[in-house]
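The chain contents come next:
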Amino acid sequence: MEERTRKRIIFWFWFIIITPIVLVFGLLASVWFFAEIPSFEELEHPNNNLATQIISSDGVVISTFHIENRTYVSYNDISPNVIHAAISTEDVRFYRHCGIDFKGLGRVFFKTLLMRDSSQGGGSTITQQLAKTLYPRVETTSKNPFVKAGTMIWIKLKEWITAVKLERNYTKDEIVAMYLNSIFFGSSAYGIKSASETFFSKTPAELNVQEAAMLVGMVNKPTRYNPVLHYDLAMSRRNFVLGQMEKAGFLSEEQKAEAQATPIELRYHVQDHNAGLAPYFRDMIRREMNASEPKRSNYLFEEEYVADTIRWANDALYGWLTKYRKANGEKYNLDRDGLRIYVTIDSRLQRYAEEAVAEHLSKGLQPMFNRELKSRRRPPFPNTMENSTYNTLMGQARKWSDRYRTQRKAGVPEQEILKQFSVKTPMRVFSWNEKGYVDTLMTPDDSIKYYKSILRAAFMAIEPGTGHVKAYVGGPNYRYFKYDNVRQGKRQVGSTIKPFLYTLAMQEGMTPCDRVVNMPQTFIVGDETWTPRSTDRDEWIGKTVTLKWGLTHSSNNISAYLMRQFGPSAMVKMMRKMGIKSHVDEVYSLCAGSADLPICEMVAAFNTFPSKGVFSEPMFITRIEDADGNLITDFAGKKTEAISANTAYLMVNLMQGVVNQGTGSRLRTRFGLKGDMAGKTGTTNDNSDGWFIGYTPKITAGVWVGGEDRMVHFKELAQGSGSATALPIWGIFMKKCLADPTLGYSEYDRFEAPGGLTLDLSCTGGDIETEEEQEVEPAAEEEGFFD
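Calculation rules
- Residues numbered from 1 in each chain as written.
- Predicted model: local features only at pLDDT ≥ 70, side-chain atom pairs only at ≥ 80, totals over all residues.
- Heavy atoms only, no water.
- Core = buried A, V, L, I, M, F, W, Y, C linked by side-chain atoms within 4.5 Å.
- Buried < 20%, exposed > 50% of the residue type's maximum accessible area, 1.4 Å probe, protein only.
- Contact = heavy atoms within 4.5 Å.
- Phe/Tyr/Trp six-rings, centres within 6.5 Å; stacked < 30°, edge-to-face > 60°.
- Helix = DSSP H or I, 4+ residues; strand = E, 2+ residues; numbered from the N terminus.
- Pairing = 2+ DSSP bridges.
- Axes fitted to C-alpha atoms, helices over the stretch in contact; angles between N-to-C directions.
- Parallel < 35°, antiparallel > 145°, perpendicular 65-115°, else oblique.
- Left-handed = near helix turned anticlockwise from the far one by under 90°.
- Nonpolar A, V, L, I, M, F, W, Y, C, P; charged D, E, K, R; others polar.
- Disulfide = S-S within 2.5 Å.
- Salt bridge = Lys/Arg side-chain N within 4 Å of Asp/Glu carboxyl O.

**Overview of the nonpolar core**
So, point 1. Counting residues in hydrophobic clusters, the biggest one holds 96 residues, and the most contacted among them are Tyr 472 and Phe 500.
So, point 2. Sequence-distant contacts of Tyr 472, defined by excluding residues within four places in its chain, comprise Tyr 280, Phe 281, Met 284, Ile 345, Gln 350, Phe 459, Met 460, Asp 484, Val 486, Arg 487 and Phe 620.
So, point 3. Ranked by size, the runner-up nonpolar core spans 48 residues in total, among them Ala 353, Val 357, Phe 459 and Val 712.

**Remarks on the packing of aromatic side chains**
Given two aromatic rings, one states the distance between the centres and the angle between the planes to describe the pair.
So, point 1. A complete count under the given rule lists 26 aromatic pairs for this structure.
So, point 2. Each ring, one from Phe 692 and one from Trp 730, has its centre 5.5 Å from the other, and the planes form 80°; the classification is edge-to-face. A residue pair is termed long-range when its members are at least 10 positions apart, and Phe 692 in strand β21 (residues 689-695) and Trp 730 in helix α28 (residues 727-739) qualify at 38 residues. Across the pair, Trp 730 and Phe 692 agree in class, each one buried.

**Brief notes about the sheet that holds strand β2 (residues 61-65)**
So, point 1. Reading across from one edge, β2-β1-β5-β17-β18 is the order of the 5 strands in this open sheet, with mixed pairing throughout. The open sheet terminates on both sides in strands that have one partner only, identified here as β2 and β18 (631-634). Here the strands of the sheet are splayed against their neighbours by 20° on average, with no regard to which way each runs.
So, point 2. The strands that helix α12 (residues 279-290) touches are β1 (52-55), β2, β5 (340-343) and β17 (621-625); relative to β2, the one it contacts most, it runs at about 45°.

**Comments concerning the packing of helix α3 (residues 80-90) against helix α9 (residues 209-218)**
So, point 1. α9 packs onto α3 with a crossing angle of 45° between their chain directions and a minimal axis gap of 8 Å. One finds that α3 runs oblique with respect to α9. Our pair here, α3 against α9, has a crossing hand that is right-handed. On α9, the residues touching Asn 81, Val 82, Ala 85, Ala 86 and Thr 89 of α3 are Val 209, Ala 212, Ala 213 and Val 216.

**Remarks on the environment of Ile 175**
So, point 1. Looking at where Ile 175 falls in the secondary structure, it is placed in helix α7 (residues 172-182).
So, point 2. Residue Ile 175 is classed as buried on the basis of its relative accessible area of 0%.
So, point 3. Along the primary structure Ile 175 and Leu 130 are separated by 45 residues, whereas in three dimensions their C-alpha atoms are 7.8 Å apart.
So, point 4. When residues no more than four places from it in sequence are discounted, the contact partners of Ile 175 are Phe 94, Ile 126, Thr 127, Leu 130, Leu 166, Glu 167 and Tyr 170.

**Things to note about the packing of helix α20 (residues 498-507) against helix α22 (residues 556-577)**
So, point 1. Between α20 and α22, whose axes approach to 8 Å, the crossing angle comes to 85°. When the interaxial angle is binned, α20 and α22 end up roughly perpendicular. On α22, the residues touching Lys 498, Phe 500, Leu 501, Tyr 502, Thr 503, Leu 504, Ala 505 and Gln 507 of α20 are Asn 556, Ile 558, Ser 559, Leu 562, Met 563, Phe 566, Ala 570, Met 571, Met 574 and Met 575.
So, point 2. Taken together, the residues of the contact of α20 with α22 break down into 13 nonpolar, 4 polar and 1 charged.

**Here we look at unusual backbone geometry**
So, point 1. Look at the link from Pro 379 to Pro 380: it is a cis peptide, with omega at 10°.
So, point 2. Mapped onto the secondary structure, Pro 380 falls in the loop between α15 (347-373) and α16 (387-400).
So, point 3. Positive phi is not limited to glycine here, since Ala 278 has a value of about 55°.
So, point 4. Examined against the element boundaries, Ala 278 turns out to sit in the loop between α11 (253-260) and α12.

**Some remarks on the sheet that holds strand β8 (residues 456-462)**
So, point 1. Spatially, the 5 strands line up as an open sheet ordered β9-β8-β22-β21-β20, and their pairing is antiparallel. Only two strands of the sheet have a single partner each, and these edge strands are β9 (469-473) and β20 (678-683). With strand direction ignored, the average angle separating the axes of adjacent strands in the sheet is 5°.
So, point 2. Inspection of the sheet shows β21 paired to strand β22 (residues 700-706) by 7 bridges, in the antiparallel sense. Residue pairing in the sheet places Asp 689 in a bridge with Gly 706 of β22.

**Quick word on the state of the cysteines**
So, point 1. With the rule as written, the count across this model stands at 1 disulfide.
So, point 2. Two residues share a disulfide in this structure: Cys 513 and Cys 763, whose sulfurs sit 1.9 Å from each other. Of note, the bridge from Cys 513 to Cys 763 carries an S-S torsion of about -85° and is left-handed in sense. Separated by 250 residues along the polypeptide, Cys 513 in the loop between α20 and β11 (515-517) and Cys 763 in the loop between α28 and α29 (778-781) bring together distant segments of the chain. Accessibility classification places Cys 513 together with Cys 763 in one group, the buried group.

**Quick notes on the environment of Ile 161**
So, point 1. Summarising the element assignment, Ile 161 is placed in helix α6 (residues 145-169).
So, point 2. Judged by its relative accessible area of 4%, Ile 161 falls in the buried class.
So, point 3. Once the C-alpha coordinates of Ile 161 and Gln 128 are considered, the two residues, 33 residues apart in sequence, prove to be 9.0 Å apart.

**Section: the pairing of β9**
So, point 1. Burial analysis of β9 places 5 of its 5 residues in the buried class, which makes it a mostly covered element.
So, point 2. One ladder, built from 4 bridges, connects β8 with β9; its direction is antiparallel. Note on β9: the bridge partner recorded for Ile 462 is Val 469.
So, point 3. Where β8 folds back on β9, the antiparallel hairpin that results is connected by 6 residues, among which Gly 465 adopts a positive phi of roughly 90°.

**Let's talk about the pattern of salt bridges**
So, point 1. What the rule picks out here adds up to 34 salt bridges.
So, point 2. Close ionic contact of Arg 428 with Asp 439 constitutes a salt bridge, the shortest N to O distance being 2.8 Å. Placement of the pair is Arg 428 in strand β6 (residues 425-430) and Asp 439 in strand β7 (residues 437-442), with a sequence separation of 11 residues.
So, point 3. Bridged by salt links that share partners, the residues Glu 288, Asp 308, Arg 311, Asp 315 and Arg 487 form one connected network.

**What to know about the pairing of β2**
So, point 1. Burial within β2 is extensive, with 4 of its 5 residues counted as buried.
So, point 2. Of the strand pairs in this sheet, β1 and β2 are connected by 4 bridges, and their pairing is antiparallel. Its bridge partner being in β2, Gln 53 is matched across the sheet by Thr 64.
So, point 3. Linking two consecutive strands that pair antiparallel, namely β1 and β2, is a turn of 5 residues; a positive phi of about 85° is found at Gly 59 within it.

Set out below in structure tokens:
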């Protein structure tokens, strides 16, 4: 071979070898200096959508606000099984490269590109995948193949540089943790924490080897390898990951075989906004934080506008997103900024409350109501409903429906839309079955009536002394019934209003054992007279009874007597002192329960009694932190002395009589509850609303049950009274609470009398003698409204 030829061969050999290297480094240098590479600060705070966590008072993340359901966890909070599975499957040389695996790139070039062997996988390292996830590629719109190829090379080089920067600034453990926190697992789960909760109801630290292998196996194709959708494919992929773990030395042959033989056991629960604990509470928190400053034009009553204006000035939670800003002046975003909201809700009490509502409605009340509806001409409405009323209700419901509003917005003629309401259509509707729904064929008109036949409920529990709201249930099912009956709903309260009147009497010097004559009372109202309808038996009329007897048996005569003594204005002032902020008409009929009030105000007001006369504003949040754990807002409770401690204790004594001998005695006889407790039932005209609000020394809770429309109700008082509709939910809830020793509630908890109170509250010899000998059906004793 000639010398010249030899030199040419050597030249071209080195040219072919060196030129690509020089080009690569040249391009890398160009990208480094001229492209927008993430800075160190951006690497520290990538533009990810972090879910805001809602953390209960007992330390449980009950749910999140999110666009991407993502919550970061540290390396130490992730099971080694997950780390090993990820490294074995995605980047077996993870701990031996500096962010770019040139050996892996060579394998891809020769085996995948040249030999067309796709089984060899890709060449991206975990660090490169992290860079790609943190800073997603922007797809080019050009159809030119050279432009597209050039753009892809440019992006790939940026990812390489970002990977190297990540390796220089973070440890390997931090990088793999960031990677596992950033990837998408399907089913709205972003990051290993959300994925482990969604598929196994576990924390990442609790995942065993087969669970870890399944989740890591899903990363490649989240839908294809989703075990809920494609079980066999998910099993095959999981077993492949287990095989990779054995090859990498993380599992022995025996451990691999045992894990591969183990079936997938899921506890699948999608973490969307409709699911999880306390959905009505979460929605209420979002509404409160997003609220705008009150405007008078948005309020019907002046006092409600004034109350909200005062709240805007003094309540940090009300309009929080407007009042508080980031250091750079930007508004916080609940769905993206990864806030930590520590709430007063106790996850155990919340679960018991939701279970109690579902148990009573699904197993008792709704089936009973459905049976009654079979005899009605136009269920769920009563046969006595006039055609004009029926047509008005149905007309309003049609126009409020999504079907009507969406099509009207699109310009569809009204008559064409209304015709559709009589045509049968496939639809999925709510049902009290295991799935929570049923697929059926019905007309939209029938679906309206079907949903109106579903009884609604509201429940709130609050802690005496602190005002911390511990449980909050706004309806039967948030996915299908978004309306929050705890704070948005206002219904007639019936006889649950009577304790305010008795409180006024106690504050003015009367006692539970004071005696009055049980007689109807007549009031002059303008040019007319009004006499509250008596619910007492004929043989009780004209007898001398104690005030305790009057409240125990919810006697309208005794309530009317007290109203005559003190007047409606004084009663409303007492209600205001105890936290009622909604509009209340100062009328005589108030003594029988004519006011429309939300259950949240009623429960908070009743909480004054076990709190020894101190009213505490309901408190929902204790503090808010940013994504790094820095405190943004610390919330403090607001308390005022509404009534004296002596008055509060006298009212406790009065309301204990309701539970022990009166309309609330089912708590003793049916539910077997022991210990100190007090409360009051309530029922409104035609049994449209059923109430029960009760308390123990450590918890106050209230329940409302009724239809969406007041025309939807039970026919008979025995089924529709507050003691039949609402009280059982309270009883079920309290039984669950007392059975849970971790809560610290006991039947031995006692109401404490204030020092110096020497009254004899036994009230012996002052009531109708036959009452102690005669067992009375509690539901038949409760009548809350008036004719």
